[in-house]
Amino acid sequence: MAVAEQKTSPQAAQEHTSQEQTWHGIVLQTLKRNDIALVPYVPDRVLTTLIKNLHADPFFTTFPTAREEEAVGIATGAWMGGMKSAVLMQTSGFATLANVLASLVAPSQIPLIMFVSERGTLGEFNLGQSLVCRTMRPVLDSLAIEHHTCTRLDELEFICDRSIKQAVTTQAPVALILNPLLTGGKVFDK
Amino acid sequence: MNAQTKPARNTKVMNRFDITSRLVGKLKNEEAVIGGIGNTNFDLWAAGHRPQNWYMLGSMGLAFPIALGVALAQPKRRVFGLEGDGSLLMQLGCLSTIATLAPKNLTMVVMDNGIYQITGAQPTPAAAHTDLVAVAIASGITNSAWAADEEDFERLIEQSMSAVAPTLIGVRIDDKPGTGTTKRDPVQIRERFMLGMGVRQPL
């Protein structure tokens, strides 16, 4: 695909390539390649550029929801109507999801694709955030939900692409945790 | 609660199963119906199973977000969301999301008895003072109204089917429990629904 684009539009290909060199560019392009057009989210500082670029791309229907479980409900309905989606949130937002994961997503076998921007580790300055972060993986593990912590740019496309395809083909949810090693995270700056 | 503090109502108190049956009786075009937790989906089940019905067994408050997802995925199909008042109270923010996305193929019905019937009929915090249709209007769903009686409900349903914006219909209901009990098989419910939505082929 990249080769064909280079032939038709070198400039577009260059932009495409530079986009792909950032973590958010890789996530956006991987969503697109997997025909994931619906992206409801609750915003996070780390996700700002990704969200901005999703809004700027007419391929995507992306919008904020009031709560993370609302986004999960929308993604579930869309899947049952034949449309693939991914939801974006922060660690503390994930912590509100135990009920919907246990009572809707897991028992209904919904291939929910979650991108979670990880706060609470590697330089966290808010005690509450660091505590809530510790609840995330135990909740995922207790429901046997597949999850990967993305720390390296060179692994990101592989992890995202394979995880999305596995979620869809096995009809099982997955959480892709975007670690500060990948994103830079949010640091104390005041 | 002092009767004087209760809001003035000119709407008839109806029955959930009767209202649900009237809605289902009007469906001729494989419309999707998303039934919220508990009695709301029990009465949808009791009104007669259709492949386009989906019954929510957990995740209280998510009937409208799920209905929104179906409506976004299938813009040519009419989608109905049925929800209880206590459930909607858990997820009022979804009304703002729906108002913003404004899918014209979405009709929401709120069954309002002011109580958590299934847990022992305790009053909801909204029972005495909150007008859920007014909340919906203030959230931006301007096409929201209380059904005055059964005939008015049917009229509002028909009106919604050709509306250019999402519709919310409030129905005051009695304190009766659900008429049936949905078979609790979430995978089969989801699979049958996806067949009904035409996004799956049987093996």
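Structure shown above.
Conventions adopted
Within every chain, residues take consecutive numbers counted from 1 along the sequence as written. A letter from A marks each chain and a number from 1 marks each ligand, given out in the order of writing. Side-chain atom pairs in this predicted model are given and counted only at pLDDT of 80 or more, local residue features only at pLDDT of at least 70, and totals for whole chains, interfaces and linings cover all residues. Runs of H or I in DSSP of at least four residues are treated as helices and runs of E of at least two as strands, each being numbered from the N terminus. The globule rule is 2.2 Å times the number of residues to the power 0.38, and the radius of gyration it is compared with is taken over C-alpha atoms. Two residues form a contact once the distance between their C-beta atoms, set from the backbone, is within 7 Å. Gly counts as polar in this scheme, as do all residues outside two lists: the nonpolar Ala, Val, Leu, Ile, Met, Phe, Trp, Tyr, Cys and Pro, and the charged Asp, Glu, Lys and Arg. Angles shown run from 0 to 180 degrees and are taken between the N-to-C directions of axes, each axis being a line fitted to C-alpha atoms and, for helices, limited to the stretch in contact. Any angle that falls under 35 degrees is termed roughly parallel, while one over 145 is termed roughly antiparallel, one within 65 to 115 roughly perpendicular, and all others oblique. Two helices that cross are described as forming a left-handed crossing if the nearer one is turned anticlockwise from the farther one by less than a right angle, and a right-handed crossing if clockwise. Nonpolar cores are identified as sets of buried Ala, Val, Leu, Ile, Met, Phe, Trp, Tyr and Cys residues joined via C-beta atoms within 7 Å. To assign burial, the other C-beta atoms lying within 10 Å of each residue's own C-beta are counted, with C-beta atoms placed from the backbone; 20 or more indicates buried, 12 or fewer indicates exposed, and intermediate counts indicate partly exposed. The arc under discussion is defined with respect to the helix axis, by the directions toward the C-beta atoms. DSSP calls a pair of strands paired once it identifies at least 2 bridges connecting them.

Draft legend 1. Summary view of the overall build of chain B. When helices and strands are counted, chain B shows eight helices and eight strands. Taking 2.2 N^0.38 as the reference for a compact globule, 203 residues should give roughly 17 Å; the C-alpha atoms of chain B span a radius of gyration of 16 Å, in line with that estimate. Overall, chain B is about 60 × 35 × 30 Å in size when its C-alpha atoms are taken along their principal axes. The long-range share in chain B, meaning contacts at least 24 apart out of those at least 6 apart in sequence, stands at 75%.

Draft legend 2. Structural context of the interface of chain B and chain A. In this complex, chain B contributes 27 residues to the contact, which on the side of chain A involves 25 residues. Mapped onto the side of chain B that touches chain A, the elements with two or more residues apiece are helix 3 (63-73), helix 5 (93-101) and helix 8 (186-196) of chain B. Partitioned by chemical class, the residues of the side of chain B that touches chain A number 17 nonpolar, nine polar and one charged.

Draft legend 3. Quick peek at the packing of helix 5 (residues 68-80) of chain A against helix 3 of chain B. One way to put it is that helix 5 of chain A packs onto helix 3 of chain B with a least axis distance of 6 Å and a crossing angle of 40°. As far as their axial angle goes, helix 3 of chain B and helix 5 of chain A are oblique. Crossing of helix 5 of chain A over helix 3 of chain B shows right-handed handedness. Listed contacts from helix 3 of chain B to A:Glu70, A:Gly73, A:Ile74, A:Ala75, A:Thr76, A:Gly77, A:Ala78 and A:Met80 of helix 5 of chain A are B:Pro65, B:Ile66, B:Ala67, B:Leu68, B:Gly69, B:Val70, B:Leu72 and B:Ala73. When its residues are assigned to classes, the contact of helix 5 of chain A with helix 3 of chain B shows eleven nonpolar, four polar and one charged.

Draft legend 4. Region of interest: the nonpolar core. Counting residues in hydrophobic clusters, the biggest one holds 106 residues, and the most contacted among them are A:Val87, A:Met114, A:Leu176, B:Ile34, B:Ala67, B:Val70 and B:Val171. In terms of residues, this core owes the most to one element, helix 3 of chain B, which gives nine residues. If we ignore the near neighbours within four places in the chain, the residues touching B:Val70 are A:Gly77, A:Met80, A:Gly81, B:Ala32, B:Ile34 and B:Val79.

Draft legend 5. Structural view of helix 8 of chain B. Residues and elements named next belong to chain B. When we look at burial in helix 8, the residues that qualify are Pro186, Ile189, Arg190 and Phe193. Each buried residue of helix 8 sits inside an arc of 95° when the element is viewed along its axis, so together they form one side. Within helix 8, the exposed residues directed more than 90 degrees away from the buried face are Val187 and Gln188. Gly198 sits one or two positions beyond helix 8 and adopts a positive phi of about 75°.

Draft legend 6. Representation of the sheet that holds strand 7 (residues 144-146) of chain B in the model. Residues and elements named next belong to chain B. Spatial strand order, 2-1-3-4-8-7: six strands in an open sheet with parallel pairing. Only two strands of the sheet have a single neighbouring strand rather than two, namely strand 2 (53-55) and strand 7. Neighbour to neighbour, the strand axes of the sheet diverge by 15° on average, direction disregarded. Inspection of the sheet shows strand 1 (residues 32-35) paired to strand 2 by three bridges, in the parallel sense. Paired with Ile34 across the bridge in strand 2 is Trp54.

Draft legend 7. Summary view of unusual backbone geometry. Residue and element names in this part refer to chain A. With a phi angle near 55°, Ala144 is a residue other than glycine that sits in the positive phi range. Mapped onto the elements of the fold, Ala144 is located in the loop between helix 8 (127-142) and strand 5 (146-150). Residues other than glycine seldom take positive phi values, yet Gln171 does so here, at roughly 50°. Checked against the element boundaries, Gln171 lands in the loop between helix 9 (153-170) and strand 6 (174-178). According to the C-beta neighbour criterion, Gln171 is partly exposed, with 14 such atoms within 10 Å.

Draft legend 8. Quick peek at the packing of helix 1 (residues 16-25) of chain B against helix 2 (residues 39-46) of chain B. Residues and elements named next belong to chain B. One way to put it is that helix 1 packs onto helix 2 with a least axis distance of 9 Å and a crossing angle of 55°. On the basis of their axis angle, the class for helix 1 and helix 2 is oblique. Between helix 1 and helix 2 lies a crossing of right-handed hand. Of helix 2, the residues touching helix 1 (which contributes Arg16, Phe17 and Thr20) are Asn39, Asp43, Leu44 and Ala46. The residue makeup of the contact of helix 1 with helix 2, split by class, is three nonpolar, two polar and two charged.

Draft legend 9. Seen up close, the pairing of strand 2 (residues 61-64) of chain A. Examined bridge by bridge, strand 1 (residues 38-41) of chain A and strand 2 of chain A share four bridges and lie parallel to one another. Residue pairing for strand 2 of chain A: A:Pro40 is matched across the bridge by A:Phe63.

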